[in-house]
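Structure at a glance
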Amino acid sequence: MKHQRNPPEVNAGSMADIAFLLLIFFLVTTSLESNDGLQRMLPRPNAETADIYERNILRININAQNKVLVADNLINSKDLKNIVLDFVDNGGAQIDSPFYCEYCEGDRSSYSSDSPAKAIISLTSSRNASYDVYLDVQNQLIDAYNSLRTREAIKRFTISYSDLLLEYHKAENYSSEKVKLKSMIEEIRSLYPIKISEAELKI
Amino acid sequence: MKFKTKKSNSSLPPVSTASLPDIVFILLFFFMTVTVFKDQNLLVENTIPMANQAEKFAKVGVIEIIIGKPLDNYQANYGTEPVLQLGNKIGGVHDVSAFVLEELSLMPEHLRAKATVNLKIDENVKLGIVNDVKKTLSKINMLKVNYIALKK
């Protein structure tokens, strides 16, 4: 009778050890894989050719020594972002021209791009250049465009471009909020469209 | 003096470890839920470069191509020059279009138009092979690529 009322307790002391073993197993097998990256579009296989003024092209080249050249001049790779910023935001078209860019804050030099929509960045590279240099260049190009877009987004909607994208992804599908945010993003994108060409240039 | 302090310490009640299993279990469940068993092993070296503008992308409709030097135990067969890992096999640039088109055919129909190619490229790879892969992809009209990078 006494035994039935008080059955011996099961020792749970080893529970922690078993849990630890399982924990370590899952710790080891887990790979918190990231899917972060830079999204780009490749050039179309047989794209039509277009005639472009030389002033609207920024030629960036990565040579076999992993050096970055802009318009055949060696530059420090850290300066690339600012060079791209100046080039895209130049807005060199005259005030009576149809391409006049009223929101540009650049130097309005007649030797640089007419307007952000006309500005094309040409990126070429040597086969012996290293991939991390290439990715750094791509990263800086996107960085330059994103900071321009953020500037315009703050000016127009008092919200930064990255926050705008975040809000868009958070908003409920098919809600009027989402539609509004989408049109805002599209407006900003159309102000500074990313035009990076990796095609061969025919001079 | 030393002896005395020791004695006063031992008179403190011991820290209870009764909640330890619970904490461990919580951690265990966390890792159990986030674990994804990999269906492929890395056959090539793959140190992904950093980029501070990297964004997160959905993992649907993704075809993965890994580029890097073969790992040590594969170097006898595949040499030390960078190669492509396509699924669970090591291949060359000429295998890309067949692999991508096969992966594409396995995808549900509504994802095919949105399919993206994730390029996981080791930072020491030379651009030549990368450019060849890009050219092949553009030939078969897979224009959306995603250069995988670690966010700084």
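Worth saying up front: this structure is predicted, and the values here are computed from it rather than measured.

What chain A contains, in helices and strands, is six helices and six strands. Taken over C-alpha atoms, the radius of gyration comes to 27 Å for chain A, far larger than the 17 Å a tight globule of 203 residues would show. Once the C-alpha set of chain A is aligned to its principal axes, its extents read approximately 105 × 50 × 35 Å. Within the span of chain A, comprising 203 residues, buried residues form 40% of the whole. Contacts in chain A between residues at least 24 apart in sequence constitute 65% of all its contacts with a sequence separation of at least 6. If you sum the accessible surface of chain A, you get close to 12700 Å²; carbon and sulfur atoms cover 53% of it. Between the averaged position of the 23 positive side-chain charges in chain A and that of its 28 negative side-chain charges there is a distance of 3 Å.

Okay, the sheet that holds strand 4 (residues 89-91) of chain B next. Two pairing modes exist for strands in a sheet, parallel and antiparallel, and in both the strands are linked by backbone hydrogen bonds. The seven strands lie next to each other as 1(B)-1(A)-6(B)-5(B)-2(B)-3(B)-4(B), forming an open sheet whose pairing is mixed. The open sheet terminates on both sides in strands that have one partner only, identified here as strand 1 (55-56) and strand 4 of chain B. Across five bridges, the pairing between strand 1 (residues 36-41) of chain A and strand 6 (residues 144-148) of chain B is antiparallel. Looking at the pairing, Arg40(A) lines up with Val145(B) of strand 6 of chain B.

Under the domain assignment used here, chain B contains domain 1 (2-34) and domain 2 (62-147). Computed over C-alpha atoms, the centres of domain 1 of chain B and domain 2 of chain B are 49 Å apart.

Below, the discussion takes up unusual backbone geometry. A positive phi angle is found at Ala71(A), which is not glycine, with a value near 50°. Here Ala71(A) lies in the loop between strand 3 (68-70) and strand 4 (73-75).

A word on the state of the cysteines. Residues and elements named next belong to chain A. Taken as a whole and assessed by the stated rule, the structure comprises one disulfide over all chains. Sulfur-sulfur distance for the disulfide between Cys101 and Cys104 comes to 1.8 Å. Judged by the sign of its S-S torsion, about 90°, the bond between Cys101 and Cys104 is right-handed. We classify Cys101 as buried; its relative accessible area is 3%.

Moving on: helix 6 (residues 176-191) of chain A. Three- or four-residue spacings in an α-helix give side chains the same orientation, since the helix completes a turn every 3.6 residues. Residues and elements named next belong to chain A. Counted at 1.5 Å a residue, the expected span for helix 6 with its 16 residues is 22 Å, and the 23 Å between its end C-alpha atoms agrees. Restricting attention to buried positions, one finds in helix 6 the residues Lys178, Leu181, Met184, Ile185, Ile188 and Leu191. Buried residues in helix 6, looked at end-on, bunch into an arc of 145°, giving them a common side. The outward face of helix 6, more than 90 degrees from its buried face, is lined by the exposed residues Ser176 and Val179. Buried residues along helix 6 sit against helix 4 (131-157) and helix 5 (161-170).

With that out of the way, let us pick up a nonpolar patch on the surface. A cluster of nonpolar side chains, Phe20(A), Ile24(A), Leu27(A), Val28(A), Leu20(B), Ile23(B) and Leu27(B), forms an exposed patch at the surface whose accessible area comes to about 610 Å². Mapped by element, the contributors of at least two residues to the nonpolar patch are helix 2 (15-29) of chain A together with helix 2 (20-34) of chain B. The element that contributes the greatest number of residues to the nonpolar patch is helix 2 of chain A, accounting for four residues. For Leu27(B), the position within the fold is in helix 2. With relative accessibility at 39%, the residue Leu27(B) sits in the partly exposed group.

This part is about the side chain of Gln138(A). Here Gln138(A) shows up in helix 4. Of the polar contacts made by the side chain of Gln138(A), one reaches the side chain of Tyr134(A); its length is 2.9 Å. In this structure, Gln138(A) is in contact with Leu38(A), Arg40(A), Leu123(A), Ile196(A), Glu198(A) and Tyr147(B), ignoring residues within four places of it in sequence.

The next point concerns the confidence of the model for chain B. Mean pLDDT over chain B works out to 84, with 91% of the residues at or above the 70 mark. Per-element confidence in chain B is highest for helix 4 (residues 96-106) of chain B, whose mean pLDDT is 91, and lowest for helix 1 (residues 2-10) of chain B, whose mean pLDDT is 53.

All names here are of chain A. With respect to the helices and strands, the residue Ile188 is situated in helix 6. Since its relative accessible area comes to 0%, Ile188 is described here as buried. In this structure, the C-alpha to C-alpha distance between Ile188 and Arg151, residues 37 residues apart in sequence, is 9.7 Å.

All names here are of chain A. Here the structure, examined in full by the defined rule, presents 15 salt bridges over all chains. For Arg151, the salt bridge is made with Asp89, and the minimal N-O distance between the two is 2.7 Å. Residue Arg151 is found in helix 4, and its partner Asp89 is found in the loop between helix 3 (80-88) and strand 5 (120-125); the two are separated by 62 residues along the sequence. Three or more residues joined by partner-sharing salt bridges are found here, namely Asp89, Glu105, Arg151, Glu152, Lys155, Arg156 and Glu187.

Thresholds, definitions, all that
Residues numbered from 1 in each chain as written. Chains lettered and ligands numbered in written order. Predicted model: local features only at pLDDT ≥ 70, side-chain atom pairs only at ≥ 80, totals over all residues. Heavy atoms only, no water. Helix = DSSP H or I, 4+ residues; strand = E, 2+ residues; numbered from the N terminus. Rg over C-alpha atoms; globule rule 2.2 N^0.38 Å. Buried < 20%, exposed > 50% of the residue type's maximum accessible area, 1.4 Å probe, protein only. Contact = heavy atoms within 4.5 Å. Areas by Shrake-Rupley, 256 points an atom, 1.4 Å probe, with all protein chains shown as cover. Lys, Arg positive; Asp, Glu negative; His and termini not counted. Charge placed at Lys NZ, Arg CZ, Asp CG, Glu CD. Pairing = 2+ DSSP bridges. Domains from an automatic or database assignment. Disulfide = S-S within 2.5 Å. Expected span 1.5 Å × (residues − 1). Arc of directions from axis to C-beta. Patch = residues over 30% accessible without salt bridge, like charges linked within 9 Å, V, L, I, M, F, W, Y side chains within 5 Å. Salt bridge = Lys/Arg side-chain N within 4 Å of Asp/Glu carboxyl O. Polar contact = N/O pair within 3.5 Å; in protein donor to acceptor, adjacent residues only side chain to side chain. pLDDT = per-residue confidence, 0-100.

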